[in-house]
Amino acid sequence: MTKNIMIVGVGGQGTLLTSRIIGKAALECGYDVKISEVHGMAQRGGSVVTFVRFGDKVSEPVVEEGQADVIIAFERLEALRYSHFLKKDGVIVVNDCKIDPMTVVTGAKQYPSGILDQLKKKHSVYAIDGQKIALALGNSKVLNSVVLGYSAKFIGFDEQTWIDTVAATVPPKTVEINKLAFAEGYKAHE
């Protein structure tokens, strides 16, 4: 059986690093892993999408619409934008924050209201204020580790595998804060 994970966010939120951590954890557990990255306008605050697929044998890296077991969204609108990729019994983990896309910043469109309620009508949605936890730890840049920690129980693997993989993947000077951020997110899901 193949597990399909989709990670969506805005440039600078750690989407790519998160996909690498998930992929590395799956490899450590003996799975075949495929990762695909779609960058978009990542450096200008644009949408970033990554796919991680793992299982006994995975032939292609892209998750098709309606096939994602888990969508990890680092921003509400990104969760809504990609929710059609979720399978019927899948889950969406949403970092409950709002980042205005360029169309909203320029006044061409309005940011939709009630996104979480709209998502909950069709899907199993779990929301976390990852930014609040990251700021309480003193480093907003560990938001992705917080949200990954919260999401980990939906993906699988034991907590120590996750902690070891986070430590082996993040930049060396950020290992301790990222391990702490992951642990806080993991604990928040209990």
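Quick summary incoming for the structure in this document. Quantities reported herein were computed from a predicted structural model and do not represent experimental measurements.

Definitions and limits used
Residues numbered from 1 in each chain as written. Predicted model: local features only at pLDDT ≥ 70, side-chain atom pairs only at ≥ 80, totals over all residues. Heavy atoms only, no water. Phe/Tyr/Trp six-rings, centres within 6.5 Å; stacked < 30°, edge-to-face > 60°. Pairing = 2+ DSSP bridges. Helix = DSSP H or I, 4+ residues; strand = E, 2+ residues; numbered from the N terminus. Axes fitted to C-alpha atoms, helices over the stretch in contact; angles between N-to-C directions. Contact = heavy atoms within 4.5 Å. Parallel < 35°, antiparallel > 145°, perpendicular 65-115°, else oblique. Left-handed = near helix turned anticlockwise from the far one by under 90°. Nonpolar A, V, L, I, M, F, W, Y, C, P; charged D, E, K, R; others polar. Buried < 20%, exposed > 50% of the residue type's maximum accessible area, 1.4 Å probe, protein only. 1 Å grid on protein atoms, 1.4 Å probe; cavity = no way out; pocket = protein on both sides within 12 Å on 5 of 7 lines; lining within 4 Å. Points joined across faces, edges and corners; volume = space filled by probe spheres on them. Salt bridge = Lys/Arg side-chain N within 4 Å of Asp/Glu carboxyl O. Expected span 1.5 Å × (residues − 1).

1. Observations regarding the packing of aromatic side chains
When we look at a pair of aromatic rings, we describe it by the centre distance and by the angle of the planes.
At step 1: A full pass over the atoms with the stated rule returns nine aromatic pairs.
At step 2: Here the aromatic rings of F157 and W162 are separated by 5.4 Å at their centres, their planes lie at 50 degrees, and the arrangement is tilted.
At step 3: Among the aromatic residues, those joined into a ring-pair cluster are Y31, F54, F157, W162, F182 and Y186.

2. Remarks on the sheet that holds strand β3 (residues 47-55)
At step 1: Spatially, the six strands line up as an open sheet ordered β2-β3-β1-β4-β5-β6, and their pairing is mixed. Two strands close off the open sheet at either side, each with one partner strand: β2 (32-38) and β6 (124-128). When the angles between neighbouring strand axes are averaged without regard to direction, this sheet yields 15 degrees.
At step 2: Pairing analysis gives five bridges linking strand β4 (residues 68-73) to strand β5 (residues 86-95), with the strands arranged parallel. Note that in β5 the partner of V70 across the bridge is V91.
At step 3: Most of the contacts of helix α6 (residues 143-155) go to β5, to which it runs at about 150 degrees, and overall it touches β1 (3-10), β3, β4, β5 and β6.

3. Considerations on the packing of helix α7 (residues 159-169) against helix α8 (residues 175-188)
At step 1: For the pair α7 and α8, interaxial distance at closest approach is 9 Å and the crossing angle is 150 degrees. The orientation of α7 with respect to α8, classified from their angle, is roughly antiparallel. The hand of the α7/α8 crossing is right-handed. On α8, the residues that touch E159, W162, I163, V166 and A167 of α7 are V175, N178, K179, F182 and Y186.
At step 2: Tallied by class, the residues present in the contact of α7 with α8 amount to seven nonpolar, one polar and two charged.

4. Here we look at the environment of L77
At step 1: With respect to the helices, strands and loops of the structure, L77 is situated in helix α2 (residues 76-82).
At step 2: Assessed through its relative accessible area of 11%, L77 is described here as buried.

5. Structural notes on the layout of surface pockets
At step 1: Taken as a whole, the largest pocket spans an internal volume of roughly 280 Å³.
At step 2: Around the largest pocket, the lining comprises 17 residues; the ones closest to its centre are G12, S140, K141, V142 and N144.
At step 3: Residue assignment for the lining of the largest pocket shows that the elements contributing at least two residues are α6 and α8.
At step 4: Counted by class, the lining of the largest pocket contains seven nonpolar, nine polar and one charged residues.

6. Quick look at the environment of G12
At step 1: Relative to the elements of secondary structure, G12 occurs in the loop between β1 and α1 (15-28).
At step 2: For G12, a relative accessible area of 83% puts it in the exposed group.
At step 3: In sequence terms G12 and V63 are 51 residues apart; their C-alpha atoms lie 22 Å from each other.

7. Digging into the pattern of salt bridges
At step 1: Inspection of the entire model under this criterion finds seven salt bridges.
At step 2: Ionic pairing is found between E37 and R20, a salt bridge with its closest N-O pair at 3.3 Å. Taken together, the residues span a long stretch of sequence, with E37 in strand β2 and R20 in helix α1 at a distance of 17 residues.
At step 3: The class of E37 is partly exposed, set by a relative accessible area of 29%.
At step 4: Exposure remark for R20: the relative accessible area of 40% places this residue in the partly exposed category.
At step 5: E184 is the partner of K187 in a salt bridge, and the nearest nitrogen-oxygen pair spans 3.1 Å. Pair noted here: K187 and E184 are both in helix α8, with a separation of three residues, about one helical turn.

8. Observations concerning α1
At step 1: Over its 14 residues, α1 runs 20 Å from end to end, which matches the ideal 20 Å to within 8%, given 1.5 Å per residue.
At step 2: Taken together, the buried positions of α1 are occupied by T15, T18, S19, I21, I22, G23, A25 and A26.
At step 3: Next to the buried residues of α1 lie β1, β2, β3, β4, α6 and α7.
At step 4: In the stretch just after α1, G30 is the one whose phi turns positive, near 90 degrees.

Limitation: the analysis is restricted to geometry and does not speak to function.
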